[in-house]
Amino acid sequence: MSNGHAWVLGATGQIGRAAVRALAADGWEVTAASRGGGRDAGWDAGVRAVALDRDEEGALERALGDGVDVLVDMVAFDGAHARQVTGLAGRVGSAVVISSGAVYEDERGRSFDTQDRPDGFPRYPVPVPETQRTVEPGDTTYGTRKVRLERDLLAAGDALPVTLLRAGAVHGPYCRTPRELYFVKRLLDGRRRRVLAYGGRSRFHPVHVSNAAELIRLAARKPASRVLNAADPQAPTVAEIGRAVDAVLGVETETVLVDGAPPQGPVGETPWSGAHPVVYDMTAAEEELGYRPVTGYAESLPATVAWLAGELAGRDWREAFPKMLKGYGEGLFDYAAEDAWLAAYDRGRR
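The shown structure was predicted, so the numbers you read here are calculated from the model rather than taken from an experiment.

Rules used throughout
- Residues numbered from 1 in each chain as written.
- Predicted model: local features only at pLDDT ≥ 70, side-chain atom pairs only at ≥ 80, totals over all residues.
- Heavy atoms only, no water.
- Helix = DSSP H or I, 4+ residues; strand = E, 2+ residues; numbered from the N terminus.
- Rg over C-alpha atoms; globule rule 2.2 N^0.38 Å.
- Buried < 20%, exposed > 50% of the residue type's maximum accessible area, 1.4 Å probe, protein only.
- Contact = heavy atoms within 4.5 Å.
- Areas by Shrake-Rupley, 256 points an atom, 1.4 Å probe, with all protein chains shown as cover.
- Phe/Tyr/Trp six-rings, centres within 6.5 Å; stacked < 30°, edge-to-face > 60°.
- Lys NZ or Arg CZ within 6 Å of the ring centre and 35° of its normal.
- Core = buried A, V, L, I, M, F, W, Y, C linked by side-chain atoms within 4.5 Å.
- 1 Å grid on protein atoms, 1.4 Å probe; cavity = no way out; pocket = protein on both sides within 12 Å on 5 of 7 lines; lining within 4 Å.
- Points joined across faces, edges and corners; volume = space filled by probe spheres on them.
- Nonpolar A, V, L, I, M, F, W, Y, C, P; charged D, E, K, R; others polar.
- Salt bridge = Lys/Arg side-chain N within 4 Å of Asp/Glu carboxyl O.

A. Region of the structure containing the overall build of the protein chain. Looking only at helices and strands, the protein chain has 12 helices and 11 strands in total. Against the compact-globule benchmark of 20 Å for 350 residues, the protein chain has a radius of gyration of 21 Å, which places it among compact chains. Once the C-alpha set of the protein chain is aligned to its principal axes, its extents read approximately 75 × 45 × 35 Å. Within the span of the protein chain, comprising 350 residues, buried residues form 54% of the whole. Of the contacts made within the protein chain by residues no fewer than 6 positions apart, 76% connect residues no fewer than 24 positions apart. Total accessible area on the protein chain stands at roughly 15100 Å², and carbon and sulfur atoms take up 48% of it.

B. Region of interest: helix α5 (residues 181–188). Among the 8 residues that make up α5, 7 are buried, leaving the element largely enclosed by the rest of the structure. By the burial criterion, the buried members of α5 are L181, Y182, F183, V184, K185, R186 and L187. Where α5 is buried, its residues contact β8 (193–196), α7 (238–249), α9 (297–312), α10 (317–320), α11 (322–328) and α12 (335–349). One or two residues past the end of α5 sits G190, with phi positive at roughly 85 degrees.

C. Focus on the packing of aromatic side chains. This model, assessed by the stated rule, comprises 13 aromatic pairs. With a centroid separation of 6.3 Å and an interplanar angle of 75 degrees, the aromatic rings of F333 and Y335 are classed as edge-to-face. Counting every residue linked through ring pairs, the aromatic cluster contains Y182, F183, W272, W317, F333 and Y335. Across from the ring centre of Y174, 3.8 Å away, lies the NZ or CZ of R17, which sits over that ring.

D. Region of interest: the nonpolar core. Among the nonpolar cores identified, the biggest contains 74 residues, and L23 and I216 are the most heavily contacted of them. With 8 residues, the single largest contributor to this core is helix α6 (residues 209–221). Here I216 is in contact with I15, A19, L23, V72, M74, V96, I98 and L165, once residues within four sequence places are set aside. Of all hydrophobic cores here, the second largest spans 24 residues; its members include W7, A59, L60 and L153.

E. How the structure looks around the environment of R21. Relative to the helices and strands, R21 resides in helix α1 (residues 14–25). For the pair R21 and A11, spaced 10 residues apart in the sequence, the C-alpha separation amounts to 10.0 Å. With sequence-adjacent residues up to four places away left out, R21 is seen in contact with D40, G42 and W43.

F. Expanded view of empty space enclosed by the protein. For the structure on display, the rule yields 1 cavity of 30 Å³ or more. Considered as a void within the structure, the largest cavity measures approximately 40 Å³ in volume. Taken together, R186, P266, V267, G268, G331, L332, D334 and E338 make up the full set of residues lining the largest cavity. Of the residues in the lining of the largest cavity, the class split is 3 nonpolar, 2 polar and 3 charged.

G. Quick peek at the pattern of salt bridges. In total, this model carries 26 salt bridges according to the counting rule given. Note that R35 and D53 form a salt bridge whose closest N and O atoms lie 3.6 Å from each other. Highlighted residues: R35 in the loop between β2 (29–34) and β3 (48–51) and D53 in the loop between β3 and α2 (59–64), separated in sequence by 18 residues. Overall, the relative accessible area of 27% leaves D53 in the partly exposed class. In this structure, E338 and R191 form a salt bridge, with 3.0 Å as the shortest nitrogen-oxygen distance. Of this pair, E338 sits in helix α12 while R191 is found in the loop between α5 and β8, placing the two residues 147 residues apart along the sequence. Given a relative accessible area of 14%, R191 falls into the buried group. Through salt bridges with shared partners, a single ionic network connects D26, E214, R217 and R221.

Nothing here speaks to function; it is geometry throughout.
Structure, rendered in structure tokens:
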């Protein structure tokens, strides 16, 4: 028997693909909506794929027709999207919306938005509960827009129960900003030394797409207005992630650990780097939804590495992952700067 009709918006994105699979396997009738209207090869044949641009005036309302039991929104980013979703109250039974751990700030007002300032790295409690304070809502940054989204959605109250999932560092195939690219490309390029700032101890709690999909599946079955963290069972350090990628590709790498910030320009900086750990508390999801992760970081890594290697085959990384270039710049793979620093480091050890 079907659980009802689930409508997934942003279905061909990284989390969306996994969420469609999980919902269909759980007995939902699933409509998978994306701008291109494409399908994932792993989807059940019964999944209906449709093309939709949510920002086209009235397009989402028309596409939903008489309504759906649950709307799963992967691509809601601001107050305008919140108004669009809350405007569907009465036609949508409940909603599950992806938010971000970027909403949190520490007791000194530091957040992901302040990391470029001196002493700007947030120092969160370990682990971070959902009750941790957040940045103020606004329209200037990713974090402030997500807080605006959260507050406006929760204001709908009983008219539209919404589960907001504050995702950690999302990983898995089909990511447009895959942090694992940092290690995978270096190994594929034959580099066997790496430099890691902050002693390699930086931790930015990841969430695999299948764990995010499991949280979505459970939240769809138990509608309520709430905010929950979304993360893996482990929060590995950046050094541990590097070793795990080495193991997948069957190579050995020498790691040069540097205490404190990157010693020179981008040398030693990674997409996980930070002066203090970011680890999310998953107790609420376990208690409210009965959440149990379906995979761990290391066991999910081979599929991610294989996908990355395939995307890089015969292509420049900037072409394959333009959002990584935009987010991290050319310094992400500045081998010349790395080699110059390592040469000086080696001379200093003699």
